Amino acid sequence: MSTPKRDKPWLMRTYSGHSSAKASNELYRTNLSKGQTGLSVAFDLPTQTGYDADHPLARGEVGKVGVPICNIGDMEALFDQIPLGQMNTSMTINATAAWLLSLYVAVAERQGAAPAQLQGTTQNDILKEYLSRGTYIFPPQPSVRLITDIIAYTVKNIPKWNPTNICSYHLQEAGATPTQELAYALSTSIAILDAVRDSGQIGAEGFEQVVGRISFFVNAGIRFIEETCKMRAFGEMWDKLTQERYGVQSEDMRRFRYGVQVNSLGLTEAQPENNVQRIVLEMLGITLSKKARARALQLPAWNEALGLPRPWDQQWALRMQQVLAFETDLLEYGDIFDGSPVIAAKVKALVDGATEEMARVQEQGGMVQAIESGYVKRQLVTSHTERMRAIEHGNLKIVGLNCYKETEESPLTGGVDSGIMKVDPRAEREQIERLNAFRAQRNSTEVKAALANLAETARGGANIMPASILCAHAGVTTGEWSQTLRDIFGEYRAPTGIDIPANDDSRGAQATAIRAQVAKTGEELGRPLRLLIGKPGLDGHSNGAEQIAVKGRDVGFEIVYEGIRLTPEQIAKAALEEGVHLIGLSVLSGSHVEMVEDVFGRLDQAGLKGLPVVIGGIIPESDAKLLKERGISAVYTPKDIDMNGIMVDILNLIRKAHDLQPVTVA
């Protein structure tokens, strides 16, 4: 009996990085020894938003959600004993992508590898950052210019590199339906490809190579049949778009190339062991169909709704991939969905719906204009609101969260670490010490000359990459590179998207009753009740803050919400000037203790010591207890899905602060 010919498996990655370059390097080399076939680098928020570790805005954020990279010394430590000429590296970096790629190239050159040898991907879709993750710096137009420069440079000089992956992953995390995910990702690709074509940096004869190097980074949710159809629809639409709009004749250059991390939005803090089967099922949606199979895959760990995964948790996620690839017969067959009328009908419905939504985006003037106007953000907030209300009312069932909630105590979350890894508080101080030592030994004349050259390049419109690589070798820091461009391009605040029409839920009996009590309390206090929703620090994941803002407005509170990345000083100033009755903080990066400390300090200075403050985020129970001891009135985590209940809590906290009796709302 002959053994069936098996397809080559996808690239297997785990998304990782924490504390320091040295600690992350040890983790990478360990994961590679366990059979991981590519690297996926997570950078911390200061690195992603262009700040050095000693910048005031970086306080509490250094090394928390990824590795801090301040200069070429950090980058060399990160890839110590990892030959970049042989490695395939994905880097999740957006606003500072040109800088991190420049550091990567410079380190490779110091290792003796030529840029032409390098293989990997920069997650460099800045447009989705204005809609979801929030790690943008500059306005959309100069941001697109930086992406254009990276694409043009890599196609000519680093031909095996994927200079950008259009990232629909975070659109789904922000609430996008499969139709919206298709439409907005492909609309983004049009904006980027048009910009490259119109820049004149790549001639018509080389444009097929540009299209051929564009990759996508996609989300795969639990509805794995629908997700399979979405991926087949992506392939169809990309093939048609690149052939008709850009005249790409080569089938090879038109191939839809994508990597995946399966859905983190659906992972639950409640009964987190259920996340294991969720991850496995989500993996099927992007592996079952051979024609639409992912080229690279990274899986979250079961405990990412609780905090940072440990090395063992990441190993478990890697082993899931390996069991599917090597123990099952998945890779022995052609596409098992070909000829299915059910699949064909669903794919057609997705293509038709996405085509219609893409037309609406084009009517706005394209994706950049649709972002600047707030149109796309409003659509995502609306979709996410509908999803959250469906969970709240039990129409969308999440096992362990809103149904089948009875549970035994989990052995996975026991022990001294509560089942997650915590970054050593010393990591930030030690990173700052390394940064100061690096600054002290570099040649300041070379640094000044490199930065002057960078500024001249940015103003003059030449490609930013050669000047950035020169900066990397000269010893420029992440903060210096970013500040030079901030001074030229300016900074940006994206629309919040919360100005959406009230939905049917706001007209329900319970919401109506809460609204009456909010109005009554406002009358008792002499003015309408006002809430400030604040996101301190560099964390840009704003879904929770937006949902609280929308819900609060729907039940009668006046809402003050100015978006992401506010300093504690700005929050205290807004609370004083707006005369708010309560502050709701949202922190998902793990820096909640430091942020609360700083906000309370600023409130004390502003004479607002008694103002009630609540917080929401991924907050371990031990930290929740600590925050309450320090004065936080209530802590909410992803398991708290009763939005009406949260609104009643907030109302009663305001009443308590003004010596009024609590109210109950049936």
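Every residue gets a number counted from 1 within its own chain, in the order that chain's sequence is written. With pLDDT at 70 or above as the cut-off, local features in this predicted model cover only qualifying residues; side-chain atom pairs require 80 or more to be listed or tallied, and sums for whole chains, interfaces and linings still use all residues. Note that water and hydrogens are dropped before the side-chain values are worked out from all heavy atoms of the structure.

Caption draft 1: Focus on the overall build of the chain. A run of DSSP states H or I qualifies as a helix once it reaches four residues; a run of E qualifies as a strand once it reaches two. Both are numbered from the N-terminal end. Looking only at helices and strands, one finds 26 helices and 15 strands in the chain. The size measure is the radius of gyration over C-alpha atoms, and the globule rule it meets is 2.2 Å times the number of residues to the 0.38 power. Compactness check: the chain gives a C-alpha radius of gyration of 25 Å against a globular reference of 26 Å for 666 residues, within 12% of the reference. In terms of principal-axis extent, the alpha carbons of the chain reach across some 70 × 70 × 55 Å. Think of it in three bands: residues with accessible area under 20% of the maximum for their type are buried, residues over 50% are exposed, and the middle band is partly exposed, with areas taken using a 1.4 Å probe on protein chains only. With 666 residues in all, the chain has 60% of them scored as buried. Sequence separation of at least 24 residues holds for 79% of the intrachain contacts in the chain that already meet a minimum separation of 6. Method for areas: the Shrake-Rupley scheme with a 1.4 Å probe, in which residue coverage is limited to the protein chains shown. With an accessible surface of roughly 25,900 Å², the chain has 52% of that area assigned to carbon and sulfur atoms. Charge counting follows a simple rule: Lys and Arg are positive, Asp and Glu are negative, and His as well as the terminal groups are ignored. For charged residues, the charge sits on one atom: NZ in Lys, CZ in Arg, CG in Asp, CD in Glu. Of the charged side chains in the chain, 69 are positive and 80 negative, and the gap between their average positions amounts to 1 Å. We call two residues contacting when some pair of their heavy atoms lies within 4.5 Å.

Caption draft 2: View of the sheet that holds strand 12 (residues 558-561). Pairing between two strands requires that DSSP report at least two bridges joining them. With parallel pairing, 5 strands are arranged side by side in an open sheet as 12-11-13-14-15. One side of each edge strand has no neighbouring strand; the edge strands of this open sheet are strand 12 and strand 15 (634-636). Neighbour to neighbour, the strand axes of the sheet diverge by 20° on average, direction disregarded. Judged from the 3 bridges that link them, strand 14 (residues 613-616) and strand 15 form a sheet pairing that is parallel. Bridge pairing links Ile-615 to Val-635 in strand 15. Every angle, taken between N-to-C directions, lies between 0 and 180 degrees, and every axis is a line fitted to C-alpha atoms, over only the stretch in contact when it is a helix. Set on the sheet, helix 24 (residues 592-605) makes contact with strand 13 (582-586) and strand 14; between it and strand 14 the angle comes to about 160°.

Caption draft 3: Molecular detail of the nonpolar core. Judged by nonpolar contacts, the single largest core of 150 residues is most densely connected at Met-75, Leu-127 and Phe-216. If you tally residues by element for this core, the top one is helix 4 (residues 97-111), at 11 residues. Non-local contacts of Met-75, meaning those with residues more than four positions away in its chain, are made with Ile-69, Met-91, Leu-100, Leu-103, Tyr-104 and Val-107. Within this scheme, the nonpolar core is defined by two criteria: the residues are buried Ala, Val, Leu, Ile, Met, Phe, Trp, Tyr or Cys, and they are joined through side-chain atoms within 4.5 Å. In terms of nonpolar packing, the next biggest core, distinct from the first, is built from 26 residues, Leu-566, Ala-575, Ile-615 and Ile-632 among them.

Caption draft 4: Expanded view of the packing of helix 8 (residues 178-199) against helix 10 (residues 224-244). Contact geometry for helix 8 and helix 10: axes closest at 10 Å, N-to-C directions at 25°. By the angle class used here, helix 8 and helix 10 are roughly parallel. Once helix 8 is placed against helix 10, the crossing between them reads as right-handed. Facing helix 8, whose interface residues are Pro-178, Glu-181, Leu-182, Ala-185, Leu-186, Ser-189, Ile-190 and Leu-193, helix 10 presents Glu-226, Lys-230, Ala-233, Phe-234, Met-237, Trp-238 and Leu-241. Broken down by class, the residue content of the contact of helix 8 with helix 10 amounts to 11 nonpolar, 1 polar and 3 charged. Any angle that falls under 35 degrees is termed roughly parallel, while one over 145 is termed roughly antiparallel, one within 65 to 115 roughly perpendicular, and all others oblique. Here is the rule for handedness: rotate from the far helix to the near one, and if that takes an anticlockwise turn smaller than a right angle the crossing is left-handed, while a clockwise turn gives right-handed. Residues are grouped as follows: nonpolar covers Ala, Val, Leu, Ile, Met, Phe, Trp, Tyr, Cys and Pro; charged covers Asp, Glu, Lys and Arg; every other residue, Gly included, is treated as polar.

Caption draft 5: Fine view of the packing of aromatic side chains. Between the rings of Phe, Tyr and Trp (Trp by its six-membered ring), a pair exists once the centres lie within 6.5 Å; its type follows the angle of the planes, with under 30 degrees stacked, over 60 edge-to-face, and the other angles tilted. Taken as a whole and judged by the stated rule, the model has 15 aromatic pairs. When the centroid spacing of 6.1 Å and the interplanar angle of 70° are considered together, the rings of Tyr-136 and Tyr-492 count as edge-to-face. Here Tyr-492 lies in the loop between helix 20 (478-489) and helix 21 (509-525) and Tyr-136 lies in the loop between helix 5 (126-129) and helix 6 (140-157), a separation of 356 residues in the sequence. Residues Tyr-136 and Tyr-492 agree in their burial class; the two are buried. Ring geometry for Phe-256 and Tyr-258: centres 5.5 Å apart, planes at 40°, overall tilted. Residues Phe-256 and Tyr-258 agree in their burial class; the two are buried. An aromatic cluster is present here, built from Phe-216, Phe-234, Trp-238, Phe-256 and Tyr-258 joined pairwise through their rings. In this structure, Arg-486 packs its charged tip against the face of Tyr-51, placed 4.3 Å from the ring centre. Ring-over charges, as used throughout, are those where CZ of Arg or NZ of Lys falls within 6 Å of the ring centre and within 35 degrees of the ring normal.

Caption draft 6: Looking closely at the sheet that holds strand 4 (residues 88-92). The parallel open sheet is built from 5 strands, whose spatial order is 2-3-4-5-6. For this open sheet the edge positions go to strand 2 (15-16) and strand 6 (161-162), each flanked by a neighbour on one side alone. Here strand 2 pairs with strand 3 (residues 39-42) via 2 bridges, running parallel. Counterpart to Ser-16 in the pairing with strand 3 is Val-41.

Caption draft 7: Looking closely at the pattern of salt bridges. Salt bridge, as used here: a side-chain nitrogen of Lys or Arg that lies within 4 Å of a carboxyl oxygen of Asp or Glu. Counting across every chain of the model gives 43 salt bridges. Its salt-bridge partner being Glu-76, residue Arg-110 comes within 3.4 Å of it at the nearest N-O pair. With Arg-110 in helix 4 and Glu-76 in helix 3 (residues 72-78), the pair connects residues that are 34 residues apart, well separated along the chain. Here Glu-76 falls in the partly exposed class, since its relative accessible area comes to 32%. Here Lys-128 ties to Glu-129 by a salt bridge, and the two come within 2.7 Å at their closest N and O atoms. Per residue, the accessibility class of Lys-128 equals that of Glu-129, and both read buried. Bridged by salt links that share partners, the residues Arg-59, Glu-597, Asp-598 and Arg-630 form one connected network.

Caption draft 8: Up close: the pairing of strand 11 (residues 530-534). Strand 11 sits mainly inside the fold: 4 of its 5 residues count as buried. Relative to strand 12, strand 11 runs parallel, the two being bridged by 4 bridges. For Leu-532, the partnering residue across the bridge sits in strand 12 and is Val-560. For a crossover, the right-handed case is the one in which the path from the first strand over the helix to the second runs clockwise, viewed with the strands pointing away from the viewer. Once you follow strand 11 into helix 22 (residues 543-554) and on to strand 12, the crossover reads as right-handed. Examined bridge by bridge, strand 11 and strand 13 share 4 bridges and lie parallel to one another. Directly across from Leu-532, in strand 13, lies its bridge partner Ile-583.

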